[in-house]
Amino acid sequence: PVVTDDELGNLTQFEFLALSSSLNLADGHARQDLTLGQQRVVDDLPQLWAQAVKQPVDEIEREAIGTYFEVLGQRSYPAAEGRVLSCYSSSVAMEIFARSLATVTDRIALVHPTFDNIPDILRGVGLELVAVEEEQLHGGDLDAALLDSVGCLFVTTPNNPTGKVVSRERLARLAEQCARHDVVLTLDTSFRGFDPAAHYDHYEVLRDSGCRWVVIEDTGKLWPTLELKVGWLVSSEHNGLPLGKVYSDILLGVSPLVLLMIKRLAEDAADGGLADLHRFIATNRAIVRDGLAGVPGVTFPDPLSRASVERVHLGSRSGLAVWQELRQHNLFALPCGPFHWARPEEGGNCLRIALSRSATAVEAATRLLRSVLVAP
Ligand SMILES: N=C(N)NC[C@@H](O)CC(=O)C(=O)O
């Protein structure tokens, strides 16, 4: 799945190209060094393995879910049987959701821009997409005619790549509108861990709204676990979607070892690790912003973002052309065109820089990017 120079690939194909490079600042996966607390979890993997062999998997799953959801403020998550389905990744969870949704509707409203594997997965099951601009989503009530024309409203929050978070009040209002129009409200909360503004109890708001809802949670972006992760597919009761059936078509369950590792990492996060991570990302964001200060035309469109990625607006320069130049130096960022899945040209002058990398990698990448941007 390599992107040839003249063929625009999807974002993940751009990310594939970066996977083995020394300066990979393309994907939003965590690739920084383990902290001391995280290293202790890795050192304990042999014991976790022995525990995973002995302890009943439903117990392990319940404990991992409880610890992870609590540390991110989601106290009212549904603990009843079948309401939280553990998947190999959030994209697997999304595929199960999409296949389920396509059995009951053929149209879905989706936030624009957002990471392009979401529209790609939704189109892949035959759904027609209606773009809801981020400004619209955060601005006020959605148009009743729009909500009457779709079976679902899909929102990424915090959004990727903007970091924009749906507030508690906004979520309550969106959920109320979805309840009134009998539209499923679906949230992709993959970046939730990075932004305390996304730690209010979403499940309490969703439960109290009376709407049908689905949430996709992702442990994969928080900690540098070499792709060992879980995507959780969470849903309201009586949501009318065959999630359990489609889940059983795709998998039986995830590794109890991975669940135990996630539980231990979530405990470390609760014990100061999450605050440390926030400081680490903020430091890397400052390295990028300070390192590019004063470069003509360069701005940062998401001043309030806390996500582990940073969008850089390049003025009149083409993001793809700068991406190509950086690639000559074995540095990989992400061109933002494909995030604008309905109108790619709108993202044509932006690059996205991953921040879940070592500070030295972010410094080196920023220096290189600056030299490319100021070169005559
Ligand atoms: N299934 C896919 N395509 N995974 C890539 C995705 O995790 C990367 C991502 O979300 C980001 O770079 O922001």
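All figures in this text were calculated on a predicted structure; none of them were measured in a lab. (Residues numbered from 1 in each chain as written. Predicted model: local features only at pLDDT ≥ 70, side-chain atom pairs only at ≥ 80, totals over all residues. Heavy atoms only, no water.)

1. Overview of the site of the ligand
All residues in the neighbourhood of the ligand are listed as Thr12, Glu15, Asp27, Gly28, His29, Ser91, Phe115, Asn117, Asn160, Lys221 and Arg352. Contact distances for the ligand include 3.1 Å between an oxygen atom and a side-chain N or O atom of lysine 221. Computed on the free molecule, the ligand has an accessible area of 360 Å², of which 82% lies beneath the protein chains in the complex. Of the residues in the shell around the ligand, the class split is 1 nonpolar, 6 polar and 4 charged. (Near = heavy atom within 4 Å. Polar contact = N/O pair within 3.5 Å; in protein donor to acceptor, adjacent residues only side chain to side chain. Areas by Shrake-Rupley, 256 points an atom, 1.4 Å probe, with all protein chains shown as cover. Nonpolar A, V, L, I, M, F, W, Y, C, P; charged D, E, K, R; others polar.)

2. Side note on the pattern of salt bridges
By the definition in use, this model includes 26 salt bridges. Arginine 107 is the partner of glutamate 128 in a salt bridge, and the nearest nitrogen-oxygen pair spans 3.2 Å. With a gap of 21 residues between them, glutamate 128 in strand β4 (residues 128-133) and arginine 107 in strand β3 (residues 107-112) connect regions that are remote in the sequence. Here arginine 279 makes a salt bridge to aspartate 276, at a shortest N to O gap of 2.5 Å. Placement of the pair is arginine 279 and aspartate 276 together in helix α12 (residues 256-291), with a separation of 3 residues, close to one helical turn. Overall, the relative accessible area of 41% leaves aspartate 276 in the partly exposed class. (Salt bridge = Lys/Arg side-chain N within 4 Å of Asp/Glu carboxyl O. Helix = DSSP H or I, 4+ residues; strand = E, 2+ residues; numbered from the N terminus. Buried < 20%, exposed > 50% of the residue type's maximum accessible area, 1.4 Å probe, protein only.)

3. Focus on the environment of isoleucine 250
Tracing the chain through its elements places isoleucine 250 in helix α11 (residues 243-250). Each C-alpha atom, one on isoleucine 250 and one on phenylalanine 280, is 37 Å from the other, the two residues being 30 residues apart in sequence. With residues up to four places along the chain from it excluded, the contact list for isoleucine 250 reads Val92, Ile96 and Arg99. (Contact = heavy atoms within 4.5 Å.)

4. Overview of helix α6 (residues 117-124)
Residues spaced three or four apart along an α-helix face the same direction, because each turn holds 3.6 residues. Of all the positions in α6, only Asn117, Ile118, Pro119, Ile121 and Leu122 are classed as buried. The elements touched by buried residues of α6 are α5 (90-101), β3, β4, β5 (152-156) and β6 (184-188).

5. A short note on the sheet that holds β3
Here 7 strands make up an open sheet; going across it, the order is β2-β8-β7-β6-β5-β3-β4 and the pairing mixed. Two strands close off the open sheet at either side, each with one partner strand: β2 (84-87) and β4. Averaged over all pairs of adjacent strands, the angle between their axes in this sheet comes to 20 degrees, without regard to strand direction. Pairing of β3 with β4 involves 6 bridges; the strand directions are parallel. When the bridges of β4 are listed, valine 111 appears paired with valine 132. The strands that helix α4 (residues 57-71) touches are β2, β7 (213-218) and β8 (231-235); relative to β8, the one it contacts most, it runs at about 85 degrees. (Pairing = 2+ DSSP bridges. Axes fitted to C-alpha atoms, helices over the stretch in contact; angles between N-to-C directions.)

6. Section: the side chain of serine 308
Mapped onto the fold, serine 308 is located in the loop between α12 and β9 (309-313). Under the relative-accessibility criterion, serine 308 is labelled buried at 1%. For serine 308, the contacting residues outside a window of four places in its chain are Gly28, Phe191, Phe194, Ile281, Ala354, Leu355 and Ser356.

7. Details of the packing of helix α2 (residues 36-43) against helix α3 (residues 45-54)
In the contact formed by α2 and α3, the axes pass within 5 Å of each other and the chain directions differ by 55 degrees. For the element pair α2 / α3, the angle class is oblique. Between α2 and α3, the residues in contact are Val41, Val42 and Asp43 and Leu45, Pro46, Gln47 and Leu48, respectively. Split by residue class, the contact of α2 with α3 holds 5 nonpolar, 1 polar and 1 charged. (Parallel < 35°, antiparallel > 145°, perpendicular 65-115°, else oblique.)

8. As for the pairing of β8
When you tally the buried positions in β8, you get 5 out of 5 residues, the bulk of the element. Of the two faces of β8, the one holding Gly231, Leu233 and Ser235 and the one holding Trp232 and Val234 are both buried throughout. For β2 and β8, the ladder comprises 4 bridges, and the chain directions are antiparallel. By the bridge assignment, serine 86 is partnered in β8 with tryptophan 232.

9. Overview of unusual backbone geometry
Most peptide bonds take the trans configuration, and most residues that are not glycine carry a negative phi. In this model, histidine 112 is joined to proline 113 through a cis peptide bond whose omega is 0 degrees. Structurally, the position occupied by proline 113 is in the loop between β3 and α6. In this structure, leucine 226 is a non-glycine residue whose phi angle is positive, near 55 degrees. Within the fold, leucine 226 resides in the loop between β7 and β8. One non-glycine residue with positive phi stands out, namely glutamate 227, at about 70 degrees. Positionally, glutamate 227 belongs in the loop between β7 and β8.

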